[in-house]
Amino acid sequence: MLAALAVMALECQPKPHGLYQLPDDYDEDELDVHDDDVCTFQSPEERANVFSRLTFSWMTPLLEQGFRKPLQMEDTWALSTQYRPDVATAKFQRNWQAELQSGSPSLFRATMRTCGLSWALSGLNKLVSDLVAFLNPILLSRLIGFVSKYRTADAEPIENGYFYALAMFVVASVKTIAYEQSCVHNQQVKNLTKISYTTAIYRKTMALSNDARQQYNVGGIVTHMSVDSERVAEFFANFSHHLWSLPLQIVLALYLLYRTLGWTTFAGVLAMVISIPTLARLSRTMRDMNKLLMGYRDQRMKIMDEVLSGIKIIKLYAWESSFIRRINEVRVKLELATIRRYGMVQAVFSFVVTLVSFVVSFSTFGLYTLADNVSHGPLTPQLVFVSLTLFNMLRFPLSFGPMVIPGLLEAMVSSKRIFDFLTAGEIDFTAINREPYDRDSPSTGADDVLVSIEDGSFKWLSTDKPTLRNVNLQCRRDELVAVIGKVGAGKSSLVSAMLGDMI
């Protein structure tokens, strides 16, 4: 006990920190305190103790400043090291390269190695929040029983009533703290995942081979960076833990309902089982529509890229109407029509979910009143209020649970698209031997060969015939080399071959 108190006292002590982050080689006379590259505020989260993190009191100075005046960018502090894009990107790239070298790459494993700790802490806090929440109906039952027996021969001591009330307050506080901590870690997972995927896609775009560029246009790549990465990050942050949390909540709620109302609880279970095939069919329909919608979006982005890249020619030849019709055919007749059907199916899905929660409570109470009403006594306020509390707790997993399945399916589709893109063919960077060269070194001379090609044959695609054959070229330091030829002779191809863009 004494050791625990000592650790708590030490944890509450302010941790040493510097107000500014300064480089080791800075000149104090030339230091500019307004230089963002040299001097930035440290994040107080990095030096906050465990109690400050649980209550978010480290945010108080910023909130007080925002209360006094509108916040500006210079009022905020720098990102913590783990949230910086360069740090998150480097960590994900190491993990992804390790997966590629393993022979059986997995985007999920690379993501878990990058932000798995925050994801696990989020799940732990979510578990604590769910388990503690089910103490509230038990305490509510005890409190109502205490009040109903007060001033009778079977009355409990007054201390029990204070204990039940205080315990409900503590349970609500612990649930709130655990839930908010889970939300914080979820946002960390979402940000790290989105940053990692976006930068990985951008880097892959710079290294795509010519064969792969035939499959992925600019519109599709933009969709990967904006839509697919957002969906996968959103699933990891807000849906992944619900895959185990919602079934756990349903099982605990039904168990407590069984102890409260007896066998009549199975009437509600039967209503839920009957609704499962309908919800599953609607989920599959939504998944198919989502895949179709993603294809239409890629098609529209491809046309928009053609319009923007050739807008000068389109205006000169007055082709605006033709391209507007092409865009509207995809946007209105295909994409918006699919979105409209998706919304209608989603509305039916929400109606069925809402109806199921009502049917579950109605069937349970109705069957208890008509067929039982003896095993646990009549429907007293204690039974009714506790049962309603449990039914309200059951409503969230029943209503939100079916939404997790479409979210999972969308994330699987987007993750597959990102995985296929990241594993597409790349330019062979080893085809060109790049050696360092210092022009100012005393050992350099005018006859140094800077570019050399010996018996080179190059082609654009792996299935094409060589565009250039038996190329021999040497470019020395003090030479002026000019490549002359008619249109289509291969001048640009030669330069591309020197840069490594050809096979």
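Residues numbered from 1 in each chain as written. Predicted model: local features only at pLDDT ≥ 70, side-chain atom pairs only at ≥ 80, totals over all residues. Heavy atoms only, no water.

## What about the overall build of the protein?
Thought 1: Check the secondary structure of the protein and you find 15 helices and 2 strands.
Thought 2: A total of 503 residues make up the protein; the buried ones form 36% of that total.
Thought 3: Considering only residue pairs separated by 6 or more positions, the protein has 73% of its internal contacts joining residues 24 or more positions apart.
Thought 4: Here the protein has roughly 30,700 Å² of accessible surface; of this, 62% comes from carbon and sulfur atoms. (Helix = DSSP H or I, 4+ residues; strand = E, 2+ residues; numbered from the N terminus. Buried < 20%, exposed > 50% of the residue type's maximum accessible area, 1.4 Å probe, protein only. Contact = heavy atoms within 4.5 Å. Areas by Shrake-Rupley, 256 points an atom, 1.4 Å probe, with all protein chains shown as cover.)

## Considerations on the pattern of salt bridges
Thought 1: Throughout the structure, instances matching the rule amount to 16 salt bridges.
Thought 2: Among the ionic pairs, Glu-335 bridges to Arg-300, the shortest N-O distance being 2.6 Å. Highlighted residues: Glu-335 in helix 13 (residues 320-372) and Arg-300 in helix 11 (residues 265-309), separated in sequence by 35 residues.
Thought 3: When salt bridges that share partners are traced, they join Lys-190, Lys-194, Glu-230 and Glu-234 into one network. (Salt bridge = Lys/Arg side-chain N within 4 Å of Asp/Glu carboxyl O.)

## Thoughts on a nonpolar patch on the surface
Thought 1: Residues Leu-117, Leu-121, Leu-124, Val-128, Leu-166, Phe-169, Val-170 and Val-174 make up a contiguous nonpolar surface patch of about 730 Å² in total accessible area.
Thought 2: Of all the secondary-structure elements, those providing two or more residues to the nonpolar patch are helix 5 (107-133) and helix 7 (158-207).
Thought 3: If you trace the backbone, Val-174 turns up in helix 7. (Patch = residues over 30% accessible without salt bridge, like charges linked within 9 Å, V, L, I, M, F, W, Y side chains within 5 Å.)

## Here we look at the packing of aromatic side chains
The way to describe two aromatic rings as a pair is by their centre distance and the angle between their planes.
Thought 1: Counted by the stated rule, this structure contains 11 aromatic pairs.
Thought 2: Judged by centre distance (6.0 Å) and plane angle (20 degrees), the rings of Phe-108 and Phe-236 are stacked. Of the two residues, Phe-108 sits in helix 5 while Phe-236 sits in helix 9 (residues 218-238), which places them 128 residues apart along the sequence.
Thought 3: The class of Phe-108 is partly exposed, set by a relative accessible area of 46%.
Thought 4: With a centroid separation of 5.9 Å and 45 degrees between ring planes, the pair formed by Phe-146 and Tyr-150 is classed as tilted.
Thought 5: Accessibility expressed as a relative area gives 8% for Phe-146, which makes it buried.
Thought 6: By relative accessible area, which is 41% here, Tyr-150 ends up partly exposed.
Thought 7: Each residue in the set Phe-108, Phe-235, Phe-236 and Phe-239 is aromatic and connected to the rest through ring pairs, giving one cluster.
Thought 8: We note Lys-175 situated over the ring of Tyr-179; from NZ or CZ to the ring centre the distance is 5.8 Å. (Phe/Tyr/Trp six-rings, centres within 6.5 Å; stacked < 30°, edge-to-face > 60°. Lys NZ or Arg CZ within 6 Å of the ring centre and 35° of its normal.)

## Quick look at helix 15 (residues 491-499)
Thought 1: What helix 15 keeps buried is the set Ser-493, Leu-494, Ser-496 and Ala-497. Taken down its axis, helix 15 places every buried residue within 165 degrees of arc, on the same side. Opposite the buried face of helix 15, by more than 90 degrees, sit the exposed residues Ser-492 and Leu-499.
Thought 2: Residues of helix 15 that are buried make contact with strand 1 (449-458) and strand 2 (468-476).
Thought 3: Just past helix 15, the residue Gly-500 takes up positive phi, approximately 90 degrees. (Arc of directions from axis to C-beta.)

## Description of the packing of helix 5 against helix 6 (residues 135-148)
Thought 1: Following both chains from N to C, one finds helix 5 and helix 6 inclined at 20 degrees, their axes separated by 4 Å at the closest point. As judged from the angle between their axes, helix 5 and helix 6 are roughly parallel. Taken together, the residues of helix 6 that come into contact with helix 5 (itself represented by Leu-131, Val-132 and Ala-133) are Leu-135, Asn-136 and Pro-137.
Thought 2: Looking at the contact of helix 5 with helix 6 residue by residue, the classes come out as 5 nonpolar, 1 polar and no charged. (Axes fitted to C-alpha atoms, helices over the stretch in contact; angles between N-to-C directions. Parallel < 35°, antiparallel > 145°, perpendicular 65-115°, else oblique. Nonpolar A, V, L, I, M, F, W, Y, C, P; charged D, E, K, R; others polar.)

## Topic: unusual backbone geometry
Thought 1: One non-glycine residue with positive phi stands out, namely Phe-56, at about 60 degrees.
Thought 2: For Phe-56, the location among the structural elements is in the loop between helix 2 (50-55) and helix 3 (60-68).
Thought 3: At Asn-470, a position not held by glycine, the phi torsion is positive, near 50 degrees.
Thought 4: Here Asn-470 is to be found in strand 2.

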